[in-house]
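# Structural description and commentary
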Amino acid sequence: MSDSDTRDRSDTLRTPIVAVLGHVDHGKTSLLDKVRGSAVSEGEAGAITQHIGATAVPLDTISGIAGSLVDPDDFDLPGLLFIDTPGHHSFSTLRSRGGALADIAVLVVDVNDGFQPQTEEAIDILKRTGTPFIVAANKIDTTPGWNPQEGEPIQVTYEAQSDRARSRLDENLYEIIGQLSDAGFSADLYWRVQDFQANVGVVPVSAMTGEGVPDLLTVLMGLSQRYMKDQMTIDVEGPGAGTVLEVKEEKGFGTTLDVVIYDGTLREGDEIVVGGLHEPIVTEVRALLQPKPLAEIRTEKRFDRVDSVGAAAGVKIAAPDLEDAMAGAPVRVVRGRERDVVVADVESELAEIEVDTEEEGVVVKADTLGSLEAMANALLEAEVPILRAEVGDVAPRDVAVASTAAEADNQVILGFNVDVLKNAQRELEESDVRLFSDDVIYQLVEDYEEFVAERQRAQQ
Ligand code: GDP
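All of the points below concern the structure found in this document. Just so it is clear, the structure is predicted and the values come from calculations on it, not from any experiment.

Turning our attention to the sheet that holds strand β19 (residues 313-318). Strand order in this open sheet of 8 strands is β15-β14-β20-β11-β12-β19-β16-β17, and the pairing throughout is antiparallel. In this open sheet, the two edge strands, each paired with only one partner strand, are β15 (281-284) and β17 (303-306). Strand-to-strand, the axes of this sheet are offset by a mean angle of 40°, without reference to chain direction. Looking at chain direction, strand β11 (residues 241-250) and strand β12 (residues 254-263) are connected through 9 bridges and run antiparallel. Paired with E249 across the two strands is T255, which belongs to β12. Packing of helix α10 (residues 339-351) onto the sheet brings it into contact with β14 (271-274), β15 and β20 (330-333), and relative to β20 it is tilted by some 165°.

Looking now at the pairing of strand β8 (residues 133-138). When you tally the buried positions in β8, you get 6 out of 6 residues, the bulk of the element. Burial of the side chains of β8 extends over both faces: F133, V135 and A137 are buried on one face and I134, A136 and N138 on the other. Bridge analysis of strand β7 (residues 104-110) against β8 gives 6 bridges, and the strand direction is parallel. Bridge pairing in β8 links V108 to A136. After leaving β7, the chain enters helix α5 (residues 117-129) and then returns to the sheet as β8, a path that is right-handed. In this sheet, strand β10 (residues 200-204) lies alongside β8 in parallel orientation, the contact comprising 3 bridges. If you follow A137 over to β10, its bridge partner there is P204.

Let us now look at the packing of helix α3 (residues 59-66) against helix α8 (residues 213-227). Running from N to C, α3 and α8 point in directions that differ by 135°, and their axes come no closer than 8 Å. Classified by the interaxial angle, the pair formed by α3 and α8 is oblique. For the pair α3 and α8, the sense of crossing is left-handed. Contact residues: α3 offers L59, I62, I65 and A66, while α8 offers P214, L217, T218 and M221. The residue inventory of the contact of α3 with α8, partitioned by class, reads 7 nonpolar, 1 polar and no charged.

Before going further, it helps to spend a moment on the sheet that holds strand β23 (residues 412-416). One open sheet accounts for 4 strands, arranged β22-β21-β23-β24; its pairing is parallel. Only two strands of the sheet have a single partner each, and these edge strands are β22 (386-391) and β24 (434-438). When strand polarity is set aside, the average angle formed by the axes of neighbouring strands in this sheet is 15°. Contacts between helix α11 (residues 369-381) and the sheet are confined to β21 (362-366), β22 and β23, with β21 contributing the most and set at about 145° to the helix.

Below, the discussion takes up the site of the ligand. Inspection of the region around the ligand gives 15 residues, with D25, K28, T29, S30 and D141 positioned closest. A distance of 3.4 Å is found between an oxygen atom of the ligand and a backbone nitrogen or oxygen belonging to H26. K139 is positioned such that a nitrogen or oxygen atom in its side chain is 3.0 Å from an oxygen atom of the ligand. Relative to its unbound accessible area of 580 Å², the ligand is 72% covered by the protein chains. Looking at the shell around the ligand element by element, the count peaks at 3 residues for helix α2 (residues 28-40).

What follows deals with the nonpolar core. One recurring pattern in soluble globular proteins is that nonpolar side chains are buried together. The biggest cluster of nonpolar side chains holds 83 residues, and the ones touching the most others in it are V106, F133 and L180. No other element matches α8, which puts 7 residues into this core. Excluding anything up to four places from it in sequence, V106 contacts V18, A19, V20, L21, L31, I134, A136, L216 and L220. Membership of the second largest hydrophobic core comes to 33 residues, among which are M326, V334, V343 and I386.

A few words on the packing of aromatic side chains. One pass over the structure, following the stated rule, counts 7 aromatic pairs. Relative to F185, the ring of F133 has its centre 5.0 Å away and its plane inclined at 85°; by these criteria the two rings are edge-to-face. Highlighted residues: F133 in strand β8 and F185 in the loop between α7 (163-182) and β9 (187-189), separated in sequence by 52 residues. Note on F133: relative accessible area 7%, which makes it buried. With a centroid separation of 6.2 Å and an interplanar angle of 35°, the aromatic rings of Y448 and F451 are classed as tilted. With a gap of 3 residues between them, Y448 and F451 both fall in helix α14 (residues 441-459), about one helical turn apart. The class of Y448 is buried, set by a relative accessible area of 5%. Among the aromatic residues, those joined into a ring-pair cluster are Y158, Y190 and W191. If you follow R166 out to its NZ or CZ, it ends over the ring of Y158, 5.7 Å from the centre.

Thresholds, definitions, all that
- Residues numbered from 1 in each chain as written.
- Predicted model: local features only at pLDDT ≥ 70, side-chain atom pairs only at ≥ 80, totals over all residues.
- Heavy atoms only, no water.
- Pairing = 2+ DSSP bridges.
- Helix = DSSP H or I, 4+ residues; strand = E, 2+ residues; numbered from the N terminus.
- Axes fitted to C-alpha atoms, helices over the stretch in contact; angles between N-to-C directions.
- Contact = heavy atoms within 4.5 Å.
- Buried < 20%, exposed > 50% of the residue type's maximum accessible area, 1.4 Å probe, protein only.
- Right-handed = clockwise from strand over helix to strand, strands pointing away.
- Parallel < 35°, antiparallel > 145°, perpendicular 65-115°, else oblique.
- Left-handed = near helix turned anticlockwise from the far one by under 90°.
- Nonpolar A, V, L, I, M, F, W, Y, C, P; charged D, E, K, R; others polar.
- Near = heavy atom within 4 Å.
- Polar contact = N/O pair within 3.5 Å; in protein donor to acceptor, adjacent residues only side chain to side chain.
- Areas by Shrake-Rupley, 256 points an atom, 1.4 Å probe, with all protein chains shown as cover.
- Core = buried A, V, L, I, M, F, W, Y, C linked by side-chain atoms within 4.5 Å.
- Phe/Tyr/Trp six-rings, centres within 6.5 Å; stacked < 30°, edge-to-face > 60°.
- Lys NZ or Arg CZ within 6 Å of the ring centre and 35° of its normal.

Just distances and angles here, no functional claims.
Written as structure tokens, this is what we have:
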């Protein structure tokens, strides 16, 4: 393949977006850190690029880490873009038209702990969104008798262990493979998997020693190249499309949006349409910002301005009128299209996320559209009716609405990852409305069910 061939093709192939999910403390953050660390210690300038909310690891760096496992000539995808915030909360926020924004997921499972409640939740979300995933069976270094071989491919490390250590690890790995099978997936150790579409590959790793990290990157790269190339084909010069990760106040810029762009290009000065709390927001990009390299950060200037960003990339948008923008909402560039058509497009995408409400039920507040949807799904499963569901902090109006419920069981606000506004706090104290808040969905639903059960017991 000639150089110009490669360039022509990679011009229209974007970086696959990778999200990391798993139960708390199973090592999501450590694994992401290790991936970044391994990349940086590859030594070359440009080993990784830090975006807003994401880290880009180019193919050459991956090939450097993976050694003989990845021959760059076999690939024409430009690398991998890792979403920096792990967890299924951010994963469900990150949606795009009809599904997940992440193209692939890494489900981190502590090899000693196996499946835990949030592992199950993550699996449910992956199933629902049809997102392909691999399992990182983490913390293999804690296996009794394990003799770490730092930074080695796990295939090498695994073979070099004593029979005793290997069979201790195997026992745990096959437990996880069994649990995946119970969840409806055929799974095996990744080097035994022939067809990654039919089987979930399990990669034993240690986020501590880095064993298995080369394999993990190899499998992610291979999976994307083999099965996702079509999805990665984009018109880079086309109008940008993205999803809001976070809505943030930024000194000197007012309200800004952290956005992941998954199609086309976003430019300074572009007219954009953003999903808002009440209606689509039409505004103009005043500045596009990227984090400054760590070494250059001075006290006040935390960002570099860029003229444009092409997919896939994370970027901060500074623009007027963003106060009502919602995390999880779509962002679309108008350039070269009718504004009304783009507004209608954003509206229809938001409508997909709308929650079915009843005449009588609880009030649900969540910090992002994706988490609101996930909450609504969990409540639907638990047969809890919803009166009103909205993105945002708990406000006095929510207390007023909750207090109109006829049944005390429903005079409840369930808040996921949200704050309570001061004046709402006062009204809560003066009313019979109960507030449950948490940042774990199953916990929130469980607390509510417990409350209902207790009330029923008290009435008998
Ligand atoms: P998260 O909640 O899933 O993001 O988990 P963290 O990355 O914060 O890890 C939780 C704890 O497990 C921390 O104390 C980590 O140092 C530890 N940890 C993570 N990965 C490994 C690993 O591969 N080996 C060992 N021994 N400890 C690990």
